[in-house]
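# Residue-level structural notes
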Amino acid sequence: MKKKFFICLLSLLMVFTMMPATALANESDAGRPIDFATFLEEVEKANYDYDGKGVTVEWSPSSACTDNRQDHNCLLEGEGKKPDGNNPQRGQAPNAQYQVFDGQANVKITNVNFKFKPADFTLCMNNTGWGGSFSEDNIKNAELQMLNTGNVSFSGCDFDGVIVSPFGSRGESAFTECDFKNVYDAYAIKDIYSPNASITDCTFDNCGGGIYFEGETGKESIVIENNVFTNIDTNAAEGKQFTRGLIQFSAKGNYSKAKITIAGNSSTGEAAVIRQLNTTITSDVLDLGEVEENNRFEGNVLPDSSFGDNTVYYNGKYYATLSDALVGVYMSSPEDTAKIYCKPGADVGTMTHGHVADNIIIYGNGAYVSAGERDLEIDTYKYDRTTGQQSNAGSFLDKDITVKVFDLNGIAAWGQRNTDNTINLFFENCQNMERIYFTNTNNKVGKINITLNNCSFDGSDEKLESNANTSVYSNAAGDISINNTTFKEIAVGLNINHKSEGVQNITLKDCVFEDCALSDSPQAVSTKTYGAPVRVVAQDGARTNLTIENCEFIYSDDKENCGNGDILIGDGRYDADKKQGIVTLAMTGTKADIMVQEAGYYEAEGTVADPDKARMVSVNESDVVFADSESHFIVDRHDSFGIVGAKEATCTSEGYTGDKVCKICGKTIEEGTVIAKTAHVFKDGKCTVCGAADPDYVPAGTTDTDKGNSGGPGTGDDSDMTLWLALLMASIAGALGATVYSRRKKAQ
């Protein structure tokens, strides 16, 4: 045993002695505390390619005198006035600035933990203005201002209250798998002058800002990937919270030829993503829409502070109003979709006929258009792209376009079509919209597709009053989809007078019409002959298919409809065409009064001329309305039904009374009930239905006493069976006992 023990011990000693020195160094250096002065010495000894192997650099600022004038009035008394390596070179609240590595080219730092502990200190500095006495209350961070001119590389480092500034670098600044935390009122990585930069797989936590690019040099390649930002832009002085962002591009520097990649990053909190102040960063260089798509950021893409006194951003420039920005879009002749960003919650100005002739997306961020007709004008006037103004020498809409607007309140869209190009309009989360109104008198071919999601039109709002006459109007072919949208105090919420030869498909889903088309509204006099929450008319040769799902028509207790119902189909005015187009209605989950009118129902002054030229149909929420080309619609009240799934019960299976199913729509009106199984019908010992044996059957000519004479147990008598079981168990026990005895004998 002793021999085996010594062999194992010797083997362990051999393994230990053969371990690489680096492995031992890792264990000994991990967490080894040194101050900043020692760190600088070790970096110099490593020829500025330093692997700290987990060393912890922890220090507080020391005081020092660097004033070399004779007989100057020194701010320090006594001994210890000379710099000791832990003293900053400058005090610039909130940072103690350490200017390091001057005269060097490349600097590479790996596996070092930096921790700065604020303290009071004094610098006496040749009257430069950077000296004086500082307290730990106003100097919170250490700033490592890198003065080397080549590359800066940090990998696997941790920075606690420490900022890194690649101020002198004109090569590449690279940060890989580094952690930054507890930086007060400043960016964690700032003053990146390098033409090339890479920040990957890093974390930023509780910092006043994330990454800050600076400098006049032309930028070439910037990669910001797979970083995590937590609680950014909150650890700041009062009034400066949420004024920075995760990433800032300063006004200086030329980015026009740079390749910028921002992908795979994430953030939690309200911090905005990019504080963009550089006019050379156009959408060709950095597409903010792609930034949002390729990352998981919680905050707005641009902070309020980026805008200054302006309210709208487009393609590297900030504009005072949305109207000004639209001129900028038009004059830029964008080949791709133009993307406009509004200052969150801002008043983007007065606007009447803001011209749009390109694919465009407007990110409203809760901003609003405050005055004017507030509309995006499309295909009404000729415009000149060189001036951005109306001109007879200009052109109408010259291509199909798609216009998308998100979270912009008070907005409208308007046009008097002149071309056959298709217009696609998409509005989402736009509240108190003014109206959408398009006519095609000059061109009946161009389609208009309109989509509204979670929007609203409110004729009673004092700040952003919607057009109280009509909210949505189109007389062109196309598809109209309105979802989860509310209409309040509007004479005609959806007003359709289809005048083209194409087809309109309209869907209303989960919409609410509140106090619309009222009999006592200010608009009642002028809209009496066509007012209704929903009004659909098609001229001869046109077809409109209307589908309504789960909508509500609500009237306050003291309010009533003007008389045309909740849904008005057909034109009953005195001067309407007698022959009209096809309008169909399909509807589910909606309670409404539907009125169908023919020309001549009304007289010129608005009174009823011929009651026979109108019919009113009341539909309940449970009814289903089917489209019909001849009569507009057919109401299915589920009063014609059949029984489906009925089944008789048997002795082996339950039965079912069957469901009542509407013969028209196939809806189950009433579910059936289960019928219990029936009893067996036995004859001659078997069920006549399923063949099951009768347990009580006694064959003819036998008695109960005869049941046990067949040599086996009889029905109802288990005495013989008990005996058999006892004998069987005894036999098994005997066999087992013999086997055990035999094995014992062999063992002996």
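All values derive from a computational prediction rather than experimental measurement.

Looking now at the overall build of the protein. Per the secondary structure count, the protein includes eight helices and 58 strands. Long-range contacts, defined here as pairs at least 24 residues apart, represent 63% of the contacts in the protein between residues at least 6 apart. For the protein, the accessible area works out to roughly 36200 Å², and carbon and sulfur atoms hold 48% of it.

Relative to the helices and strands, Phe-242 is located in the loop between strand S18 (228-230) and strand S19 (247-249). When the C-alpha atoms of Phe-242 and Ile-232 are compared, they prove to be 8.2 Å apart, with ten residues separating the residues in sequence. The contact partners of Phe-242, leaving out residues within four places of it in the chain, are Ile-232, Asp-233, Thr-234, Glu-270 and Ala-271.

As a further point, take the side chain of Asn-421. Assignment of secondary structure puts Asn-421 in the loop between strand S32 (412-416) and strand S33 (423-428). Separated by 2.9 Å, the side chain of Asn-421 and the backbone oxygen of Leu-397 make a polar contact. Those residues in contact with Asn-421 that lie beyond four places of it in its chain are Leu-397, Asp-398, Lys-399, Asp-400, Gly-446 and Lys-447.

Turning our attention to the packing of aromatic side chains. Counted according to the given criterion, the structure contains 33 aromatic pairs. Positioned above the aromatic ring of Phe-426 is the side chain of Lys-404, whose terminal nitrogen or guanidinium carbon lies 6.0 Å from the ring centre.

Together, Phe-626, Ile-634 and Ile-664 make up an exposed nonpolar region whose accessible area comes to about 240 Å². Note that Phe-626 resides in strand S50 (residues 624-628).

Before going further, it helps to examine the environment of Ile-281. Structurally, Ile-281 is set in the loop between strand S22 (274-276) and helix H4 (288-293). The spatial distance from the C-alpha of Ile-281 to the C-alpha of Asn-315 is 7.3 Å, given a sequence separation of 34 residues. Excluding its chain neighbours within four sequence positions, the residues that come into contact with Ile-281 are Phe-249, Tyr-255, Gln-276, Leu-286, Tyr-313, Asn-315 and Gly-316.

We now examine the sheet that holds strand S26 (residues 354-355). Taken in spatial order, the ten strands make up an open sheet running S26-S28-S32-S34-S37-S40-S43-S46-S48-S49, and their pairing is mixed. At either end of the open sheet lies a strand with only one pairing partner, and these are S26 and strand S49 (614-619).

Glancing now at helix H3 (residues 36-45). Among the residues of H3, Phe-36, Ala-37, Phe-39, Glu-42 and Val-43 are the ones counted as buried. Here the buried face of H3 lies against strand S1 (33-34), strand S2 (49-59), strand S5 (95-100), strand S6 (107-116) and strand S9 (141-146). Downstream of H3 by one or two residues, Asn-47 has phi in the positive range, about 60 degrees.

Pairing within the open sheet is parallel, and its four strands lie in the order S36-S39-S42-S45. Each edge of the open sheet is held by one strand with a lone partner, namely strand S36 (456-458) and strand S45 (552-554). Going from strand to strand, the sheet's axes swing by 5 degrees on average, the running direction of each strand aside. Relative to strand S42 (residues 512-514), strand S39 (residues 486-488) runs parallel, the two being bridged by three bridges. Pairing of Lys-488 across the sheet is with Glu-514, part of S42.

The rules behind these values
Residues numbered from 1 in each chain as written. Predicted model: local features only at pLDDT ≥ 70, side-chain atom pairs only at ≥ 80, totals over all residues. Heavy atoms only, no water. Helix = DSSP H or I, 4+ residues; strand = E, 2+ residues; numbered from the N terminus. Contact = heavy atoms within 4.5 Å. Areas by Shrake-Rupley, 256 points an atom, 1.4 Å probe, with all protein chains shown as cover. Polar contact = N/O pair within 3.5 Å; in protein donor to acceptor, adjacent residues only side chain to side chain. Phe/Tyr/Trp six-rings, centres within 6.5 Å; stacked < 30°, edge-to-face > 60°. Lys NZ or Arg CZ within 6 Å of the ring centre and 35° of its normal. Patch = residues over 30% accessible without salt bridge, like charges linked within 9 Å, V, L, I, M, F, W, Y side chains within 5 Å. Salt bridge = Lys/Arg side-chain N within 4 Å of Asp/Glu carboxyl O. Pairing = 2+ DSSP bridges. Buried < 20%, exposed > 50% of the residue type's maximum accessible area, 1.4 Å probe, protein only. Axes fitted to C-alpha atoms, helices over the stretch in contact; angles between N-to-C directions.

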